[in-house]
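Given next are the chains, with one letter for each unit.
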Amino acid sequence: MRLQRGPRLAAMLIMITCMCAFHTTTAMDIPLEVLGHMNIEQLPTITAQPPSTVIAFSFDEHFPMTCEAKGNPKPEFRWTKNGQEFNYTADPYLKKEENSGTFVIPKTENLTEYQGTYRCYASNKLGTAISKEVEFIVPNNPKFPKEKPNPVEVDEGQPFILKCDPPKGIPPLQVYWMTINMQHIEQDERVSMGLNGDLYFSHAVEKDSRRDYCCYASFTMIRIIAQKTPMSVNVKPRKSDSSERANAILERRPSLLTPPGVRSEKQLVKGEDLELECIPEGIPTPQVEWVKLNHQLPVKAQLVNHGKLLMVPQAEQEDSGQYMCKAKNPLGEAVHYFTVSIEEPPEWVSEPESQLSMIGSDVPIKCSARGTPQPTITWRVNGKLLRDSPVANRKVFHDTIVLHNAKASDSAVYQCEASNKHGTLLSHANIMIMNLQPMILTKSGEDYSAVEGKGVMIHCKVFSSPPSKVTWRKDDSSESVEGPRFLVHDNHSLEIYRVEKVDAGQYTCFAENTEGSSAIDAVLYVKDPTRIVVAPKDQQILKGTTARLSCLAEYDKSFSYDFELLWEKDDTEIAFNYTENSGYFLENGTLHIDNVNYRDQGVYTCVAKTPVDRATASALLMVLDVPDPPDNLVLFDHKSKSVKLKWTPGDHHNSSITEFIIEYEENKWEPGNWKELLRVPGNHNSAVLKLHGHVVYRFRVYGVNAVGSGFSSKPTEKYKTPPAAPDKNPENIKIEGHLPHEMDINWEPLLPIEHNGPGLEYKVSYRRQDVEEEWMEHTVKRHSFVVKNTPTFVPYEIKIQAKNNQGWGPEPKIVAGYSGEDFPTAAPDDVAVEVMNGSVVKVTWTRVHKDKLRGHLGGYRINWWRLRSLVNSKRSHGDKHTLTIPGDRSHATVPGLTPFSEYSLIVMTFNGRGNGPGSHPVNFKTPEGVPEKNPVFRVTDVQRHSVSLAWASPLEPNGILTGFLLKYQLTNDTEEEGPLQIVNISNPDTTKWVLRDLEPLSKYKLYLRSCTTVGCGPVVSEEFTTALETSLASVHEGISTQGWFIGLMCAIALLTLIVLIACFVNRNKGGKYSVKEKEDLHPDVESQGMNDDTFCEYSDNDEKPLKGSQHSLSREIKARDSGDSLVDYGEEDAQFNEDGSFIGEYGPRKEKRMSTEIKASVQTPA
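In this text, all values refer to a predicted model and were calculated from it rather than measured experimentally.

Side note on the overall build of the protein
Each helix and strand in the protein was counted, giving eight helices and 87 strands. Expressed as a percentage of the 1166 residues in the protein, the buried residues total 43%. Within the protein, residue pairs in contact and separated by at least 24 positions form 65% of the contacts whose partners lie at least 6 positions apart.

A word on the pattern of salt bridges
Throughout the structure, instances matching the rule amount to 41 salt bridges. Of the charged contacts in the structure, one is a salt bridge between Asp-155 and Lys-236, with a shortest N-O distance of 3.6 Å. Linking Asp-155 in strand 12 (residues 152-155) with Lys-236 in strand 19 (residues 231-236), this pair joins segments that are 81 residues apart in sequence. Notably, a salt bridge pairs Lys-569 with Asp-570, separated by 3.1 Å at the nearest N-O pair. Several salt bridges converge on common partners, so that one network encompasses Arg-119, Arg-380 and Glu-417.

Quick notes on unusual backbone geometry
For the bond running from Pro-171 to Pro-172, omega is 5 degrees, close enough to zero to count as cis. Between Thr-372 and the following residue, Pro-373, the backbone shows a cis peptide bond with an omega angle of -5 degrees. Summarising the element assignment, Pro-373 is placed in the loop between strand 31 (368-372) and strand 32 (376-381). Located in the positive-phi region is Asp-475, a residue other than glycine, with phi close to 50 degrees. Taking relative accessible area as the criterion, Asp-475 reaches 41% and is therefore assigned partly exposed. A positive phi angle, close to 60 degrees, is found at Asp-997, a residue other than glycine. Mapped onto the elements, Asp-997 comes out in the loop between strand 83 (992-995) and strand 84 (1003-1011). Of the residues examined, Asp-997 reaches a relative accessible area of 75% and is grouped as exposed.

Let's talk about the packing of aromatic side chains
Throughout the structure, instances matching the rule amount to 25 aromatic pairs. Taking 6.4 Å as the distance between ring centres and 75 degrees as the angle between the ring planes, the aromatic pair formed by Trp-79 and Tyr-118 counts as edge-to-face. Separated by 39 residues along the polypeptide, Trp-79 in strand 5 (residues 76-81) and Tyr-118 in strand 9 (residues 116-124) bring together distant segments of the chain. For Trp-79, a relative accessible area of 0% puts it in the buried group. Judged by its relative accessible area of 1%, Tyr-118 falls in the buried class. Ring centres 6.3 Å apart and planes at 55 degrees place the aromatic pair Phe-103 and Tyr-118 in the tilted group. Residue Phe-103 is located in strand 8 (residues 103-106), and its partner Tyr-118 is located in strand 9; the two are separated by 15 residues in the primary sequence.

Some words on the nonpolar core
Counting 33 residues, the largest nonpolar core has Met-65, Trp-79, Phe-103, Ile-105, Leu-111, Tyr-118 and Phe-136 as its most contacted members. Within the residue set of this core, elements represented by two or more residues are strand 1 (42-48), strand 3 (62-65), strand 5, strand 8, strand 9, strand 11 (134-137) and strand 38 (436-440). Counting residues per element, this core draws most heavily on strand 9, which supplies three residues. If we skip the residues at most four places from it in the chain, Phe-136 touches Val-54, Ala-56, Phe-63, Ile-105, Leu-111, Tyr-114, Gln-115, Gly-116 and Tyr-118. Grouped together as the second largest cluster of nonpolar side chains are 28 residues, Ile-185, Val-191, Ile-224 and Met-231 included.

What about the confidence of the model for the protein?
Averaged over every residue, the pLDDT of the protein is 84; residues scoring 70 or more account for 85%. Between residues 1030-1041, whose pLDDT stays under 50, and residues either more than four places distant or in other chains, the model counts 11 contacts. Low confidence marks residues 1070-1166, where pLDDT is under 50. Its contacts with residues over four positions away, or in another chain, come to 106 contacts.

Details of the sheet that holds strand 80 (residues 947-951)
Judged by pairing direction, the sheet is antiparallel, and its three strands sit side by side in the order 79-80-83 without closing on themselves. Edge positions in the open sheet fall to strand 79 (937-942) and strand 83, since each of these has one partner strand only. Neighbour to neighbour, the strand axes of the sheet diverge by 25 degrees on average, direction disregarded. In this structure, strand 80 lies alongside strand 83, joined through four bridges in antiparallel fashion. If you follow Leu-949 over to strand 83, its bridge partner there is Trp-993.

Here's the deal with the state of the cysteines
Evaluated as defined, the whole model comprises seven disulfides. The disulfide partner of Cys-278 is Cys-325, and the S-S distance across this bridge is 1.9 Å. The sign of the -80 degrees torsion about the S-S bond sets the Cys-278-Cys-325 disulfide as left-handed. Residue Cys-278 is found in the loop between strand 22 (274-277) and strand 23 (279-283), and its partner Cys-325 is found in strand 27 (residues 321-329); the two are separated by 47 residues along the sequence. An identical accessibility class is assigned to Cys-278 and Cys-325; each is buried. Here Cys-460 connects covalently by a disulfide to Cys-509, the sulfurs 2.0 Å from one another. With the S-S bond torsion at -75 degrees, the cross-link from Cys-460 to Cys-509 turns out left-handed. Within this pair, whereas Cys-460 is found in the loop between strand 40 (456-458) and strand 41 (462-465), its partner Cys-509 is found in strand 45 (residues 505-513), the two being separated by 49 residues in sequence. When its relative accessible area of 1% is taken as the criterion, Cys-460 is described as buried.

Notes on the side chain of Ser-1002
Following the sequence through the fold, Ser-1002 ends up in the loop between strand 83 and strand 84. Ser-1002 gets classed as buried once you look at its relative accessible area, which sits at 7%. Only 3.0 Å separates the side chain of Ser-1002 from the backbone oxygen of Pro-1000, close enough to count as a polar contact. In this structure Ser-1002 touches Leu-970, Asn-972, Phe-1024, Thr-1025 and Thr-1026, once residues within four positions along its chain are discounted.

Quick look at the sheet that holds strand 59 (residues 659-666)
Strands sit in the order 60-59-62-63 across an open sheet of four strands; the sheet is antiparallel. Since the sheet does not close on itself, it has two edges, and those belong to strand 60 (675-681) and strand 63 (719-720), each with one partner. Inspection of the sheet shows strand 62 (residues 696-704) paired to strand 63 by two bridges, in the antiparallel sense. Following the sheet pairing, Val-696 is matched in strand 63 by Lys-720.

Overview of the environment of Val-462
Mapped onto the secondary structure, Val-462 falls in strand 41. Taking the C-alpha atoms as reference, Val-462 lies 5.9 Å from Leu-441; in sequence the two are 21 residues apart. Those residues in contact with Val-462 that lie beyond four places of it in its chain are Pro-438, Met-439, Ile-440, Ser-468, Val-470, His-492 and Ala-511.

Re the environment of Phe-63
Note that Phe-63 resides in strand 3. Given a relative accessible area of 3%, Phe-63 falls into the buried group. Considered as a pair, Phe-63 and Val-104 are 41 residues apart in the sequence and their alpha carbons are 5.6 Å apart. Setting aside chain neighbours within four positions, we find Phe-63 in contact with Val-54, Ile-55, Ala-56, Phe-57, Phe-103, Val-104, Ile-105, Lys-107, Leu-111 and Phe-136.

Quick notes on the rules
Residues numbered from 1 in each chain as written. Predicted model: local features only at pLDDT ≥ 70, side-chain atom pairs only at ≥ 80, totals over all residues. Heavy atoms only, no water. Helix = DSSP H or I, 4+ residues; strand = E, 2+ residues; numbered from the N terminus. Buried < 20%, exposed > 50% of the residue type's maximum accessible area, 1.4 Å probe, protein only. Contact = heavy atoms within 4.5 Å. Salt bridge = Lys/Arg side-chain N within 4 Å of Asp/Glu carboxyl O. Phe/Tyr/Trp six-rings, centres within 6.5 Å; stacked < 30°, edge-to-face > 60°. Core = buried A, V, L, I, M, F, W, Y, C linked by side-chain atoms within 4.5 Å. pLDDT = per-residue confidence, 0-100. Pairing = 2+ DSSP bridges. Axes fitted to C-alpha atoms, helices over the stretch in contact; angles between N-to-C directions. Disulfide = S-S within 2.5 Å. Polar contact = N/O pair within 3.5 Å; in protein donor to acceptor, adjacent residues only side chain to side chain.

Written out as structure tokens, the structure is:
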């Protein structure tokens, strides 16, 4: 503990060292610009001096005594020591510096000879400046006196004090009580050390006996620890026949070991720590209380040393007053009163100021200070006491000196010293008396730039005596600049507020006094303000992405080469090095921040900067990320089936945590597999975890925010729960009957972690419902059980209870179920069919009675099949179709029937076992409908004004065909189509048609539908383009005279000849069946006619079709028929009549290989 005097003196030394090491005296300086023009004398001024105390520490090698001063002429220096002249220049051991008053005291054996109080004087012919007094201290090594203290003999229960009496030394001092083995003496309410370093014992006990009580004094400033000779204490036990009598003798009312008496006074300096101490003795050990009379204890008051020391740090005046300590135990109390007074060192109220005054004026010099006690003011002039240097025109009025009708010879350095017992203040005032004409120290012709709307300062620094009158003029005007926007400051600078464009121009500063005048010019330019037109916006951005902050600015055009656009982050400019490792990139005023990280979060400021102004705009960049993992996971409040988990949430990274997810891992069944256990709101940091028995758990936590799920925390330590009976019984019990006289019971088994211990089994109990009988019970280990020899489909009650080695689970719930089902024994009655339309009928029936169901009703099934088409009388059973109607229904709608057909239908019921018997069949017929789409619709021949068409009848006419509806229209690939032309074909046997009177070289679209009496079916369409009108003969005449055409024809003739020769050779080699012979086997009039024509011969008649073209078309049709013949769609042999239409029934598909050739020339039937 520090001694009471330690903090005060140490704090003063440190404060003096810091504040006075390079103290510069306030002085009135003549500017260097003036001294450059004329040689003006100046009074000396101390510029550097040592601290008030210089301590010669043993670890330092030298000790400087600094004294520097300025003046004109240069000052000369001298020192005094203890008030006597000290010729430092004559001492050979001191190191001196030229043109300086500084000397250095070296570390020598006779260092103590230099101990004393020093003061430096700096003088020239105008006056003398002095430094503060400096005390040079050579400390001695503090030591305890060598002595052998007598052992302390004390009776048990009596108080005693071990004196320390530390030696004097340089503060701060700290005192410790330790054993010879450097173990601290334990202190408590009974044993404690006082502010003076003594060790106080409220009452002695036997354990206080020891021989090595050592007091250590530590002087940290000089790095010395002193040890006192160990002291011995012997506590003599109190002997008594009765312990109760001994205790009665030992008990004693309190008294104070320190401080003595009832009252004491305490004085301290403002800013020091107030320390009041009361150490009592008594049995039982007294408790100490503190009060401030008529007031509350100070807010900053602290009780230390087990309440025996009241400390108020940095005491103020309001902490003064009456304090009382009270020590009490059950036998009584003891009090002591403290009167605390707070005093203050000197503090300047009015410090003397240096002055430059004109000759003949009155010069006042004021100096006043305050403090407690009130400081004494001492005046000096040029280092001598004022009373020792009388002057006729100088008068002293209380705290002010006045020089009447001052002369140049009155120039001097005046010193004012304010002191009380707590310190001394010294201040200098350089008083110069002289006359000087105005000198403008600001350079003439300076250019100033100002921003419109902002302010500007135009400088005019003037030095003169007496002071000059300064006026400002604009553009050679004789009028002074005036107005609410113009202000001339005390330093003669002109300030213009809210600059306007008209303020631009030349300004003149004019200064004059009684000694003369002077003037300078300055030019003001008014610039457009810089402003940010596109400011960056606040952003929230995901970590790892790229942030973009945009910024655009406008500025005065004259600053094109001086404009800068900078970016700052948190008021620090961003340096762009454009390397791969740099996260910043600037492009066209946009700041790119790549791979945003947490360190990139902050306030980004765009700075648009010119030489005269700047504009800024800021945006906050917030980096979003998933939460950091929680930490400090702690398990507490351990119970058999629960535990409390507490954690510290991780950083949410600017997105509030919405929830915490707690996971667990067990090491027996699925080690390493973490499963979710609980979710808690994001504003919670603890949870109660419900656990299973006989499990070794570990837990971890992770947070979730709007960004996503964070990383998991580190797992907790392992936590093992003891075995317990099961907490639950099986769930999802299913009762099924796969066979008529059995009942299958299945359930979802308990998870391994839900066993709560070894030996898990299930008790299956069952009985018939609504029958008076006992529960049948079976214990199994699997999760299924089959009850045999049950009646068919009767209700049962079932319950399943879990059990392990620790006991039974909770009472199970009763579940109802049925035994095995059998096939229904009855079919629905009164089956009726109502025909809705050609493809839909409605079926109704009477429900089967539940007694005939023999199981859970699954629903009803309708089976139907097509008997025949009504187009002909031939019967053929179609595929059977089934419609299932779940539930208890008595009607249904059967869709998807074929119109104009005869059907048969039955209805049956079904349960879980299967279908029941079918009802009696019901036959019904569907009405006629519209035909299906025509399977074939083709363009077979295209002429200039006509087109030949062919088609096949629909496979399902859905009635009796009445004919065909043919429509066509001109399209020509334009948005506007021609009128729709309609052709009604009333003959249902027609399969070919020729459209005439068409436009040549035109595009048409065809639409064909088959019709019955009900209506026409879906449409089938086709497109074609008519042939060119110009005759081929004229085309031949136009091109046959061309050389290229003649060459082409010759080449074709040559190639044809080669092909014919190759075919002839190939036939003679191995072919017994030629194409010609095949054609002879099947003579055809049309083909015969075509064979008579010349190969590739052109017609010279425009009205005749080309034979070659006709021949090719005929072959094309044959080729297409081979892949998709019209005969394929018939049921019988297909034949054509004279006009090419189909006759007879459709043949079967086995006749597919037959080919039919459609004539090229088709006539419209009559």
